[in-house]
Amino acid sequence: MVSKKKWSVCVIGAGPSGLVAARELRKEGHRVVVLEQKHDVGGQWLYDPNIEKEDPLGQTKFLDVHSSIYTSLRLLSPREIMGYTDFPFFVKEGPGRDPRRFPGHKELWLYLKEFSVHFGLRELIRFNTRVEYVGMLDGSCGGLKWVVKSRKLLKEVVVEEVFDAVVVANGHYSHPRLPSIKGMDTWKRKQMHSHVYRVPKAFQNQVVVVVGNSLSGQDLSMELAGVAKEVHISARSQNTLTEGFSTVISKYENLHLRPQIKSLEEDGRILFVDGSFVVADAILYCTGYTYSFPFLDTKGTVAVEDNRVGPLYHHTFPPSLAPSLSFVGIPRKIIAFPFFESQGKWIAQVLSGKRKLPSPDDMMHHIHQFYRQREADGIPKRDTHDIIHFEVRAEVNQSQS
């Protein structure tokens, strides 16, 4: 006989992963509360132009700004593969809508807002509520429970609650990952991470060094080249540049490739490892993001080490705390929304008893095997969660067969 326990579940975050997780949890009959620090749904896709109060390098424990989206950002993937399986990302006509196959960021935010309305999810969400602490509470005979402390930001009121389970869905494109460069702490000119970049106007007629040649680094370098005096792109390896971007660079007289930075000098010079230098007005770090859970206290059971969150079974369940603690949206380089949907279904059905997890020992064995395989494949630890196939969907499908 299948147990159909109904859990009280706290979902942290009302972005793409949190919304669909909340829907799947409610579908299974669980009592769901979603805590969202911003005023609306969308997570990363809720554009925030008000970056003045944010630390330019994003090094505070709790960030005021969650979204890292800049004004001109468009989707890299076509809308056909961006939606949830039962709520396609169709073209919508009307004022302010973007019918392009690769629309701007606002169109995806509108889609998420429509999703939340269509499935009645907004009634589950407490907006303007920041989670500040999540910790374990020994329920003895009742099993492990979780204390959640949240702050209502408009009223500055702290609320403490107890839940049977917590689903962490706070995203991973907010907390900047910075390089370690000699002289960073003493360089007096402008330094900022792309997390707080919105428009190029602030760099008018300046000499700018962009650190990192990722997609965002390339995108912002070309945008800056339209207003800046000079733009220098510093990368650890120029072998990773695509042929297309190399062609684009050749069309700009003020866009230059540079090797890795050796040091930053107090007189404004930036020295490169090949001995060359530029005197710059500003540095823009396009160096990616790190996983951050400043509210989560698992007594060391779950940790972030060199951008690996672990141990997590299929990037979702920490074995010794499963199923009462889970994570949605950890993997990168995926077809995101269908993946999040599969994770949400899996978590919801494990909690209700329809699906069963392996024993904690078996889950740990699987995790260690996965780590060893990644190492054998030459994949750095920091890229543990970069996956290109639907591991979790396969897990769910096998359980349903």
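Since this is a predicted model, take the numbers as computed values, not measurements.

S.K.: I keep staring at the overall build of the protein and nothing clicks. Help me out?
M.R.: Scanning the protein from terminus to terminus reveals seven helices and 19 strands. A compact globule built from 401 residues should have a C-alpha radius of gyration of about 21 Å, and the protein, at 22 Å, falls within 12% of that. Considered along the principal axes of its C-alpha atoms, the protein spans approximately 70 × 50 × 45 Å. In the protein, buried positions account for 52% of the 401 residues. Looking at the protein alone, contacts between residues at least 24 apart form 65% of all its contacts between residues at least 6 apart. Summed over its atoms, the accessible surface of the protein is roughly 18900 Å², and 52% of this surface lies on carbon and sulfur atoms. Across the protein, 52 positive and 45 negative side-chain charges occur, with their mean positions spaced 3 Å apart.

S.K.: What is the right way to look at the sheet that holds strand 4 (residues 129-138) in this model?
M.R.: For sheets, the rule is that strands pair by backbone hydrogen bonds, running either parallel or antiparallel. An order of 6-5-4-16 is seen for the four strands of this open sheet, with the pairing classed as mixed. In this open sheet, the two edge strands, each paired with only one partner strand, are strand 6 (157-163) and strand 16 (296-297). As judged from the seven bridges shared by strand 5 (residues 144-152) and strand 6, these two strands associate in the antiparallel manner. When the bridges of strand 6 are listed, Val-147 appears paired with Val-162.

S.K.: Could you clarify how one ought to interpret the pairing of strand 1 (residues 8-12) in this entry?
M.R.: Where a strand is regular, its side chains alternate between the two sheet faces. Counting buried residues along strand 1, five of its five residues qualify, which places the element largely inside the surrounding structure. Of the two faces of strand 1, the one lined by Ser-8, Cys-10 and Ile-12 and the one lined by Val-9 and Val-11 are each fully buried. Both strand 1 and strand 2 (residues 31-35) contribute to a ladder of five bridges, which runs parallel. Note on strand 2: the bridge partner recorded for Val-9 is Val-32. Crossover handedness for the path strand 1 to helix 1 (residues 16-27) to strand 2: right-handed. Two elements, strand 1 and strand 7 (residues 165-168), share four bridges in a ladder whose sense is parallel. Counterpart to Ile-12 in the pairing with strand 7 is Val-168.

S.K.: What is the right way to read the sheet that holds strand 3 (residues 125-126) from this model?
M.R.: Overall, parallel pairing links the five strands, which are arranged 3-2-1-7-19 in an open sheet. Each edge of the open sheet carries a strand with a single partner, namely strand 3 and strand 19 (325-327). Relative to strand 19, helix 5 (residues 336-352) is tilted by about 170°, and along the sheet it contacts strand 1, strand 7 and strand 19.

S.K.: When you look at the packing of aromatic side chains in this model, what are you seeing that I'm missing?
M.R.: Within a pair of aromatic rings, the relevant descriptors are the distance that separates the centres and the angle that separates the planes. Tallied over the entire structure, the rule returns 17 aromatic pairs. Site record: aromatic cluster; members linked through ring pairs are Tyr-84, Phe-87, Phe-89, Tyr-111, Phe-115, Phe-119, Phe-337 and Phe-340. Lying across the ring of Phe-89, Arg-79 places its NZ or CZ 4.5 Å from the centre.

S.K.: Is there a simple way to explain the environment of Thr-316 in this structure?
M.R.: Looking at the element boundaries, Thr-316 is found in the loop between strand 18 (308-310) and strand 19. Since its relative accessible area comes to 0%, Thr-316 is described here as buried. A polar atom in the side chain of Thr-316 sits 2.8 Å from the backbone oxygen of His-314. A distance of 2.9 Å separates a polar atom in the side chain of Thr-316 from a polar atom in the side chain of Gln-343.

S.K.: Before we go on, may I ask you to explain the confidence of the model for the protein in this structure?
M.R.: The predicted structure's coordinates, where accompanied by low pLDDT, should not be read in detail. Taken as a whole, the protein shows an average pLDDT of 93; of its residues, 94% reach a score of 70 or greater. A low-confidence stretch, residues 389-393 stays under pLDDT 50, and its non-local contacts, those more than four residues away or across chains, total 17 contacts.

S.K.: Which parts of the structure should I look at to understand unusual backbone geometry?
M.R.: Leave glycine aside and you will find that most residues have negative phi; peptide bonds, for their part, are mostly trans. Geometrically, the link from Gly-310 to Pro-311 is a cis peptide bond, its omega value of 0° lying close to zero. Within the element layout of this structure, Pro-311 appears in the loop between strand 18 and strand 19. Despite not being glycine, Lys-333 has its phi angle at roughly 55°, a positive value. For Lys-333, a relative accessible area of 61% corresponds to the exposed category.

S.K.: It is not clear to me how the pattern of salt bridges should be interpreted in this structure. Could you clarify?
M.R.: Side chains bearing opposite charge may pair, as long as their charged atoms lie close to each other. For the coordinates displayed, the defined rule picks out 29 salt bridges. Residue Asp-48 is joined to Lys-38 by a salt bridge in which the shortest nitrogen-to-oxygen separation is 3.7 Å. Separated by ten residues along the polypeptide, Asp-48 in the loop between strand 2 and helix 2 (105-118) and Lys-38 in the loop between strand 2 and helix 2 bring together distant segments of the chain. Assessed through its relative accessible area of 11%, Asp-48 is described here as buried.

S.K.: Sorry if this is basic, but what is going on with the environment of Glu-80 here?
M.R.: Among the secondary structure elements, Glu-80 is positioned in the loop between strand 2 and helix 2. C-alpha separation for the pair Glu-80 and Glu-160, spaced 80 residues apart in sequence, amounts to 41 Å. Within the structure, the side chain of Glu-80 is placed 3.0 Å from the side chain of Arg-101, a separation counted as a polar contact.

S.K.: Would you mind going over the environment of Phe-102 with me for this structure?
M.R.: Tracing the sequence through the fold places Phe-102 in the loop between strand 2 and helix 2. When its relative accessible area of 28% is taken as the criterion, Phe-102 is described as partly exposed. Residues Phe-102 and Val-32, spaced 70 residues apart in sequence, show a C-alpha to C-alpha distance of 33 Å. With residues up to four places along the chain from it excluded, the contact list for Phe-102 reads Arg-74, Leu-75, Leu-76, Ser-77 and Pro-78.

Criteria and thresholds
Residues numbered from 1 in each chain as written. Predicted model: local features only at pLDDT ≥ 70, side-chain atom pairs only at ≥ 80, totals over all residues. Heavy atoms only, no water. Helix = DSSP H or I, 4+ residues; strand = E, 2+ residues; numbered from the N terminus. Rg over C-alpha atoms; globule rule 2.2 N^0.38 Å. Buried < 20%, exposed > 50% of the residue type's maximum accessible area, 1.4 Å probe, protein only. Contact = heavy atoms within 4.5 Å. Areas by Shrake-Rupley, 256 points an atom, 1.4 Å probe, with all protein chains shown as cover. Lys, Arg positive; Asp, Glu negative; His and termini not counted. Charge placed at Lys NZ, Arg CZ, Asp CG, Glu CD. Pairing = 2+ DSSP bridges. Right-handed = clockwise from strand over helix to strand, strands pointing away. Axes fitted to C-alpha atoms, helices over the stretch in contact; angles between N-to-C directions. Phe/Tyr/Trp six-rings, centres within 6.5 Å; stacked < 30°, edge-to-face > 60°. Lys NZ or Arg CZ within 6 Å of the ring centre and 35° of its normal. Polar contact = N/O pair within 3.5 Å; in protein donor to acceptor, adjacent residues only side chain to side chain. pLDDT = per-residue confidence, 0-100. Salt bridge = Lys/Arg side-chain N within 4 Å of Asp/Glu carboxyl O.

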